[in-house]
Amino acid sequence: MHSPVGVHYNSDEDMMPHLENGELWTNNVDYLDTYKSMEQLVDLGLVRSLGLSNFNLDQLQRLLLSCRIKPAALQIECHPELVQIPLMELCKLHNITVVAYSPLGRPTTGRPLPEFYKDTKVVEMAKKYQKTPAQVVLRYLIDLGTVPIPKAAQKGHLKENLDVFDFKLTTEELLHFESFNRGQRIWKFEKAKHHQYYPY
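Heads up: these notes are all about the structure in this document. For clarity, every value in this text was computed on a predicted model and none was experimentally measured.

### Describing the overall build of the protein chain
- A tally of helices and strands in the protein chain yields 7 helices and 4 strands.
- Moving toward the C terminus, one meets the helices and strands of the protein chain in the order α-β-α-β-α-β-α-α-β-α-α.
- Taken over the C-alpha atoms alone, the protein chain extends approximately 50 × 40 × 30 Å along its principal axes.
- Contacts in the protein chain between residues at least 24 apart in sequence constitute 65% of all its contacts with a sequence separation of at least 6.
- By element, 53% of the accessible surface of the protein chain is carried by carbon and sulfur atoms, the whole surface being about 11800 Å².
- One finds the centroid of the 23 positive side-chain charges in the protein chain at a distance of 5 Å from the centroid of its 24 negative side-chain charges.

Structure representation (structure tokens):
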């Protein structure tokens, strides 16, 4: 389930229909009802496991209290400037894999590089492990227990993103990254901010 916010079905070509005022054309379907329908897909053998995306802590807790089949994964925005520790701890408690989207903290080339890329200690870590700062960031997220899914269009970046399994950050290095966690969200999904289940 991409979001706890229900959206009107318009067509397969327009999965995110908008109103004339630019807001997302939402509906009032409770995400618990949607999830119950998804559980039926497991019962029918049409899917093996279920996943969520963009749920907050309260929404996930509410779902866990009512579901028969626990979600296997929760996909959330996660990078050094946004590490949602209580939500991640709840996932760990229930054996839910946290999938980190936008893990490098920069979804478009038009956005300036976040400060952690130029941070002296992060640059030192990159030199120490003979990696790039981006690889150090991915390793940090892996060491936190997430599965980062970075976007990459160039073959070199694809290869670089996979070359992060031959080193581990020390406890001190992991603690240093905590200083960047300011709750800085990139994806605010503001076109649905009026909705009762808006997660942010």
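From this point on, the discussion continues.
### Here we look at the nonpolar core
- Counting residues in hydrophobic clusters, the biggest one holds 43 residues, and the most contacted among them are Tyr 35, Leu 52, Leu 60, Leu 63, Leu 74, Leu 169 and Phe 177.
- Among the elements of the structure, helix H1 (31-43), helix H2 (57-66), strand E2 (73-77), helix H3 (85-93), strand E3 (97-101), helix H4 (120-129) and helix H5 (133-143) are those that each provide at least two residues to this core.
- The biggest single contributor to this core is H5, with 7 residues.

### A short note on the state of the cysteines
- Taken as a whole and judged by the stated rule, the model has 0 disulfides.
- Unpaired in this structure, Cys 67 has its nearest cysteine sulfur neighbour in Cys 91, at a distance of 12 Å.
- On the basis of relative accessible area, Cys 67 is assigned to the buried category, the value being 16%.
- In this structure Cys 78 is a free cysteine whose sulfur lies 10 Å from that of Cys 91, the closest cysteine sulfur available.

### Some details on the sheet that holds E2
- A sheet is described by the order of its strands in space; here 4 strands give the open sequence E1-E2-E3-E4, paired in parallel fashion. At either end of the open sheet lies a strand with only one pairing partner, and these are strand E1 (51-53) and strand E4 (146-149). Each strand axis lies, on average, 25° off the axis of its neighbour in the sheet, ignoring direction.
- Pairing between E3 and E4: 4 bridges, direction parallel. By the bridge assignment, Val 99 is partnered in E4 with Val 147.

### Some thoughts on the packing of aromatic side chains
- Under the defined criterion, the tally for this structure stands at 8 aromatic pairs.
- Relative to Tyr 197, the ring of Tyr 31 lies with its centre 5.0 Å away and its plane at 80°, an arrangement referred to as edge-to-face. Here Tyr 31 is found in helix H1, whereas its partner Tyr 197 is found in the segment after helix H7 (171-177), with 166 residues between them in sequence. Each member of the pair, Tyr 31 as well as Tyr 197, is classed as buried.
- Consider the rings of Tyr 140 and Phe 177, whose centres lie 4.3 Å apart with planes at 15°: the pair is stacked.

Conventions we followed
Residues numbered from 1 in each chain as written. Predicted model: local features only at pLDDT ≥ 70, side-chain atom pairs only at ≥ 80, totals over all residues. Heavy atoms only, no water. Helix = DSSP H or I, 4+ residues; strand = E, 2+ residues; numbered from the N terminus. Contact = heavy atoms within 4.5 Å. Areas by Shrake-Rupley, 256 points an atom, 1.4 Å probe, with all protein chains shown as cover. Lys, Arg positive; Asp, Glu negative; His and termini not counted. Charge placed at Lys NZ, Arg CZ, Asp CG, Glu CD. Core = buried A, V, L, I, M, F, W, Y, C linked by side-chain atoms within 4.5 Å. Buried < 20%, exposed > 50% of the residue type's maximum accessible area, 1.4 Å probe, protein only. Disulfide = S-S within 2.5 Å. Pairing = 2+ DSSP bridges. Axes fitted to C-alpha atoms, helices over the stretch in contact; angles between N-to-C directions. Phe/Tyr/Trp six-rings, centres within 6.5 Å; stacked < 30°, edge-to-face > 60°.

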